[in-house]
Structures are given as structure tokens and as C-alpha cells.
Amino acid sequence: MKRITALFLAVTMIALLTVFTEGTSAAWDGTTIDTSWYNPNDTTFTLTTPEQLAGLAAIVNETAVNIDPDNFVGKTVILGADVDLGGKNWAPIATDSGASVSGFMGMFDGQGHYIKNLTIDMVVREPNGIRYGLFGVIGSTGTVKSINFVGASVVTKDTTYSGVVAGYVLGGTVSRCTVDASSRVECYTSSNGMIAGRVENGGTIDSCINEGSIYGYGALEGAASAKPNTNVIIGGIVGLAASSVVKNCINYGRVEAAAKSMTPNQSGAAGIAGFVNNSEIINCVNYGDISFTDYLKENTTGTGGIVGKFHSGAGSIVNNCYNFGNIAGKENDNTHTGLVGGLGSVLGTIQNCWSVPCGNLEIIGSSMVSGFEVKDCKIVAQTDAEYAAMESAANAI
């Protein structure tokens, strides 16, 4: 099935890239911004060039000349064409400092258009804070939907929340966004995901698909910028979900974490969410391979197909999810590594979840706390009679 899916995705991407190439304006030069489209009294705006998109960032971030900052609450921004950001370093829309600290609060509708070559190469946190993506912060009333990303590269070398769509979703919504297989996120610490880094306060990630790869590193030898004893929390969709919902999402990409510290504070890697705190993961599928290697403090690290670690804040639920990926923790560990969930360090529930087998792993690592519930879950091999039903259920998501 995975070979068929990969072939289908490859053919689809070729077709989409052809359409993208034909309908895209010139690539961004990295400096020019256009705010001529903006009138503070209007409530709907349509952007068709990368310069106009950069203008949106400038207006929200209070860097536009002679324009008061606007978080676009109650307003709609429409992407009216495919745009190419040219591989130039991007300042997120709504950083976590200055006037934009509350985040982008309006509606951004990509209308299925493509954003190509989003590039973030962050060495130190200033001047744009610690939230990185096309959007830095999506606020409580903010919605970002229907954007397809091609060739995104997000590299952060300090403590950050980072993702392709958004670094931080603070009560807002991201829906129907996709990230292609040529995209990557490479991060050194904290909460990072291919769609969003961190989702909190009732935030929602809905119907998003990732094909790109994410790499998260702790205190690696030879990496001076990586800080020792810090968090490595990564997911194919989100890094961390707290009091939030991730639903109807699919990960095809590789998730790879490594740490060379004996005592990283907290660590987790998974196909959907690295950490969950009192959150719901519903109707999600992982096809990607997940690994967490090198030296880890075992009582704080989790690796799983859907969730890496059930972290502080009991009550998280993983329901109706499917894993087809290979899962590997430290040295064939099965205490903090599982097919669906890795480490159950607080009370939670995994129910109606199925996975293909991988080594000696169970649905969740064996060191889960007493009272953690695993209900109506199955491990199904390709040769089993129920495998077709598992495929069918996953394909329906």
C-alpha cells in the first residue's frame, strides 16, 4: 500500500508543480514589500504576489512605513495566486514581540494556492522572537486554511516553536494545509512540527497533510548552537498539543530525533504529535518512519507512531488513529516506545487505534502509569485478514 501511495503522491506532485510553475509570479527578492493593497477601513483583501505577502507581514509586525499595526481581527485575507518566496529568509507574519504579540487574528484563505520556497534560517532568536513559520503566532480568533507548501525549509538553531504553517497556534485554527515531500524542518530544541510547532488554549489543527521530513536535535557533539538539557519535541503534524485538538491529519514524512545529553529535560517524537497535554488526537494516520536515537534519559522520553509522550496534564485521548510506520526508540526500547503512544507518564486513553507490527512493540510503551487506558486497539500484520479493513478505515480519513 505504501508503494502505491508513494507513486500516487509522486505523480500528483509532478502535475501540481507543472500547474504551479505556469501560474506563479516572479520570485521574491527578499527585500521588496508592497502594502498598496491595504486600506485600514476595508475588511477583505486579495494578495497575488510575494511582495504583497511580505507587506502583510510588515503591517502585522509594525514594520510597515506610515501604517499602523493591524492584527486583522474581523478581516479576511485571500491568496489569489500561487507565490514564490524565492528561498529568501522570511520574517514570520505575527512575531511574538511588539504589536503582533497577540498573533494574527483574522482569516487567511489560501484558496488551494501554492507557496513555494518558504525559507527560514534562524541562528539567534532576535529580532523575531521564538515562533517561526509562515505565521509566527496565530491568535485566538485567527484561522489559516487551504495553503499548499512546496519546497519549504525551516531551520532554527535556538529554543523555538517552529513549523511550516505556524510556530505557535494560540487558540486559533489551521485547516486543509499541505506540506510536500521536498520540504523540511530542522530544529535544535523545544516544540516543532511540520504543520505547527505548538498548539495551545483550544487551538485546532484539522485536515492537514505532511509529506516532508522533520529532524530534531538536542545537545549534539559538534553543534555549538544546540543547548544542553533542553527539550526535543517533534511531530509530523505538531510538536506539542496542549488543551487542543488535532484531527483528520495524515503524516507521510520521516520524523527523526537525536540527543547527546544524558538528561534532556523532556523529549518526544511521533508521527502526529510529539507531546500531548489534555488534548485530543482524532482520526489521524501515520505512514512515516519515526526514530529517537542516541543517549536519552528514559523516564522523560517517548517515541510513538501517533503520540510520543502523554505529558503533564492528564486526560488526553487518542481515538480512531492508524499507524503504518516503523517506530524505533533507543536501543530497541519498548518501555517508552510504542506503536501508537510512546510514554504514558500521566493518565490518558488510547482507543480504537490500529497499527502494523514493529519488532516487539505494543500499542504503548510498557512503562505507562497505572490506570492508563488502552481500549479496542489492534496490531494487524499485512497477512492478517483484518488488514484490508485497516487500510480501508485509514483511507477514509
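To be clear, the structure that these remarks concern was listed above.
Structure report, in brief. (Residues numbered from 1 in each chain as written. Predicted model: local features only at pLDDT ≥ 70, side-chain atom pairs only at ≥ 80, totals over all residues. Heavy atoms only, no water.)

### Section: the overall build of the protein
- Looking only at helices and strands, the protein features 3 helices and 39 strands.
- Here the protein holds 397 residues, and 59% of them are scored as buried.
- Across the protein, every contact between residues at least 6 apart in sequence was considered, and the portion connecting residues at least 24 apart equals 80%. (Helix = DSSP H or I, 4+ residues; strand = E, 2+ residues; numbered from the N terminus. Buried < 20%, exposed > 50% of the residue type's maximum accessible area, 1.4 Å probe, protein only. Contact = heavy atoms within 4.5 Å.)

### Re the nonpolar core
- Leu-53, Leu-56, Trp-90, Leu-134, Ile-205 and Ile-281 are the most contacted members of the largest nonpolar core, which totals 87 residues.
- Top contributing element to this core by residue count: helix α2 (residues 50–60), with 7 residues.
- The residues touching Ile-205, leaving out its near neighbours within four places in the chain, are Val-169, Val-174, Ile-195, Ala-196, Val-199, Ile-237, Val-238, Val-245, Val-246, Lys-247 and Cys-249.
- By size, the runner-up hydrophobic cluster in this structure holds 11 residues, among which are Ile-250, Tyr-287, Tyr-322 and Ala-394. (Core = buried A, V, L, I, M, F, W, Y, C linked by side-chain atoms within 4.5 Å.)

### A look at the pattern of salt bridges
- On inspection of all chains with the given rule, the structure shows 5 salt bridges.
- In this structure, Arg-198 engages Glu-200 in a salt bridge whose closest nitrogen and oxygen atoms are separated by 2.8 Å. As far as the burial class goes, Arg-198 and Glu-200 line up, both buried. (Salt bridge = Lys/Arg side-chain N within 4 Å of Asp/Glu carboxyl O.)

### Describing the packing of aromatic side chains
- What the rule picks out here adds up to 16 aromatic pairs.
- Between Phe-104 and Phe-135, the aromatic rings sit 5.2 Å apart at their centres with planes inclined by 55°, giving tilted as the arrangement. Remark: Phe-135 occurs in strand β7 (residues 135–138) and Phe-104 occurs in the loop between β3 (83–84) and β4 (107–116); sequence separation between them is 31 residues.
- Relative accessible area serves as the criterion here: at 0%, Phe-104 is assigned to the buried category. (Phe/Tyr/Trp six-rings, centres within 6.5 Å; stacked < 30°, edge-to-face > 60°.)

### With respect to the environment of Thr-31
- Assignment of secondary structure puts Thr-31 in the loop between α1 (2–22) and β1 (44–47).
- Residues Thr-31 and Lys-88 lie 57 residues apart in sequence; the distance between their C-alpha atoms is 8.7 Å.

### Focus on the pairing of strand β20 (residues 238–242)
- In terms of burial, β20 is a largely internal element, 5 of the 5 residues being buried.
- One ladder, built from 3 bridges, connects strand β15 (residues 196–200) with β20; its direction is parallel. Within the sheet, the bridge partner assigned to Arg-198 lies in β20 and is Leu-240.
- Note that β20 and strand β25 (residues 273–277) share 4 bridges and pair parallel. By the bridge assignment, Val-238 is partnered in β25 with Ala-273. (Pairing = 2+ DSSP bridges.)

### Brief notes about unusual backbone geometry
- You will see that Arg-176, though not glycine, has its phi angle at about 50°, which is positive.
- Within the secondary structure, Arg-176 is located in the loop between β12 (173–175) and β13 (178–179).
- Residue Asn-352 is not a glycine yet carries a positive backbone phi of 55°.
- If you trace the backbone, Asn-352 turns up in the loop between β36 (348–351) and β37 (354–355).

### Digging into the sheet that holds β15
- On the basis of which strands lie adjacent, the open sheet formed by 7 strands has the order β7-β11-β15-β20-β25-β30-β35 and parallel pairing. Since the sheet does not close on itself, it has two edges, and those belong to β7 and β35 (341–344), each with one partner. With strand direction ignored, the average angle separating the axes of adjacent strands in the sheet is 10°.
- Across 3 bridges, β7 lies against strand β11 (residues 166–170) in parallel orientation. Bridging from a neighbouring strand, Ile-138 pairs with Val-169 of β11. (Axes fitted to C-alpha atoms, helices over the stretch in contact; angles between N-to-C directions.)

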